[in-house]
Amino acid sequence: MTSVVFVHGTGVRAKSYEKSFARVVSGLGRVRADIPVARCFWGEEHGASLGLGGASLPVRTKNRGVGGDGALDEDDPLAVWALLEVDPLAELREFAQAAKARRGGGARAGFAPGRQDPWQVMADKARGLSLEALTGGGDSLDELVADLAPHLGPAGGRVAQEISRTLGGTPPADGIEPIAARAVYALAVQRAEGPHGDEEPLEVDGADRDTVVGALTDQLGGAGRGGFVAGAAKGVAVRALNSYLSPLSSLAHTFRGGITKGSVPASGDILRYQVRGAGVRAAIRAAVRDEIESGNGPVVLLAHSLGGIACVDLLADPTEEPPEVELLVTVGSQAPFLYELDALTALRRDEPLPGAFPRWINVYDERDLLGFVGEKVFPGRVTDLRVNTRQPFPRAHTSYFVHQRLYDLLAPELPK
């Protein structure tokens, strides 16, 4: 009698495993009621944990940047740069909103004929920014200037467009120069690193960043070496940051404690598997052996995520006799990706799957960024089946086993 052994993925512990196991039993039961499902729960014994109670985590000794209510300190430049990493124009937009509020939200103020709008003057300056004066400032600064120079013009143009759009025709207001300079810098960095962060990330020392921003501020007519937020712009950055990230600010305050400890099962299991994976593979082997000895064969391995990687490593291991498995079903797994990276434990990138490797079905959802395809990686040895859970990532990665279409696709593939 065929049986299915359910192998979970990373970050799973007893409570969540039992929920997933029940879903698999229910889902398979609707299409193949004749097939029993057996457990392979390795997370408790072989998963990661902070065995010393978090002794490796630094103790936070300074609360600057986060107030008692979770708000961010307006004098903390690192908090502002955290915002600009996400949205380079956020601070500039907040400045424009503050300027509109000061004039009561009414219509734009007009200027006498022949008088040049000061905001257009500022926009023109943003378009003409240059870093030539910083050349020769030192190896790291020269490298940063070289990286940013091709992107400074487009970044300045984008900031000029924003200034004209949001501030043109309004009365003058102090403090725009450092805010515009930071926006230009952040946009140039974003462009240098590619639209999707697909270029090499820039390695930037904070002092070099401040030197560049200071030079840009000077060219815009501000005091680049003065306080971080000047004059009427005081507090603009923190208002923008709090409006964008206030739900996360209290989490950031406890990041090295609660968040780190909370993320250990998911991220730690992956790291631990790379050097202590033999225990996981032994648990899978034992679960298969128990089914065979109980007369519940042939055996199908149904493995999610990291569990799929462990199954592939186990079945491809050239040093040991593979367990008696007729069909491997990986779901949302990274095994083909790791093979392409030459990062599988048991199989090098230039090695084919062993002849004794069982039939392999690989299930993926296109929206699951942790699910990969295998047909082109192992031609003739893997069958890819696509499902659509209609969930965004990361939920797409954890929704396979409540998706009935998964079981409908598997039903005709399972041994009789």
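Let me sum up the structure you'll find in this document. Note that the structure is predicted; figures quoted are calculated from it, not measured.

Looking at the overall build of the protein
So, point 1. On a plain count of helices and strands, the protein comes out with 15 helices and six strands.
So, point 2. For the protein, the residues scored as buried account for 47% of the 416 residues in total.
So, point 3. Counting only contacts in the protein whose residues sit at least 6 apart along the sequence, the fraction spanning at least 24 positions is 77%.
So, point 4. Summing over all exposed atoms, the protein offers an accessible surface of approximately 20600 Å²; the carbon and sulfur share of this is 52%.

Quick word on helix α6 (residues 139-167)
So, point 1. A bend of about 50° at H151 is the largest found in α6, and the proline P154 appears one to four places after it.
So, point 2. At the exit of α6 stands G169, carrying a positive phi of roughly 85°.

Description of the packing of aromatic side chains
So, point 1. In total, this model carries 10 aromatic pairs according to the counting rule given.
So, point 2. Relative to F378, the ring of W360 has its centre 5.4 Å away and its plane inclined at 40°; by these criteria the two rings are tilted. Placement of the pair is W360 in strand β5 (residues 359-365) and F378 in the loop between β5 and β6 (382-387), with a sequence separation of 18 residues.
So, point 3. Counting every residue linked through ring pairs, the aromatic cluster contains F6, Y17, F21, F41 and F401.

Some details on the packing of helix α11 (residues 278-293) against helix α12 (residues 306-316)
So, point 1. Taken N-terminus to C-terminus, the directions of α11 and α12 make an angle of 75°; their axes are 9 Å apart at the nearest point. In terms of orientation, α11 and α12 fall into the roughly perpendicular class. Between α11 and α12, the contacting residues are V280, R281, I284 and R285 on the first element and G307, A310, C311, D313 and L314 on the second.
So, point 2. Grouping the constituent residues of the contact of α11 with α12 by class yields five nonpolar, one polar and three charged.

Considerations on the pairing of β5
So, point 1. With six of its seven residues buried, β5 lies for the most part within the structure.
So, point 2. Strand direction decides the pairing type here: strand β4 (residues 327-331) and β5, joined by five bridges, are parallel. Within β5, the position partnered with T330 by the bridge is N362.
So, point 3. The parallel pair β4 and β5, bridged by helix α13 (residues 335-341), forms a crossover whose chirality is right-handed.
So, point 4. Pairing geometry for β5 and β6, over six bridges, is parallel. By the bridge assignment, I361 is partnered in β6 with T383.

Conventions used here
Residues numbered from 1 in each chain as written. Predicted model: local features only at pLDDT ≥ 70, side-chain atom pairs only at ≥ 80, totals over all residues. Heavy atoms only, no water. Helix = DSSP H or I, 4+ residues; strand = E, 2+ residues; numbered from the N terminus. Buried < 20%, exposed > 50% of the residue type's maximum accessible area, 1.4 Å probe, protein only. Contact = heavy atoms within 4.5 Å. Areas by Shrake-Rupley, 256 points an atom, 1.4 Å probe, with all protein chains shown as cover. Bend = angle between axes of the 7 residues up to and from the residue. Phe/Tyr/Trp six-rings, centres within 6.5 Å; stacked < 30°, edge-to-face > 60°. Axes fitted to C-alpha atoms, helices over the stretch in contact; angles between N-to-C directions. Parallel < 35°, antiparallel > 145°, perpendicular 65-115°, else oblique. Nonpolar A, V, L, I, M, F, W, Y, C, P; charged D, E, K, R; others polar. Pairing = 2+ DSSP bridges. Right-handed = clockwise from strand over helix to strand, strands pointing away.

Note that all results are geometric; they support no functional claim without further evidence.
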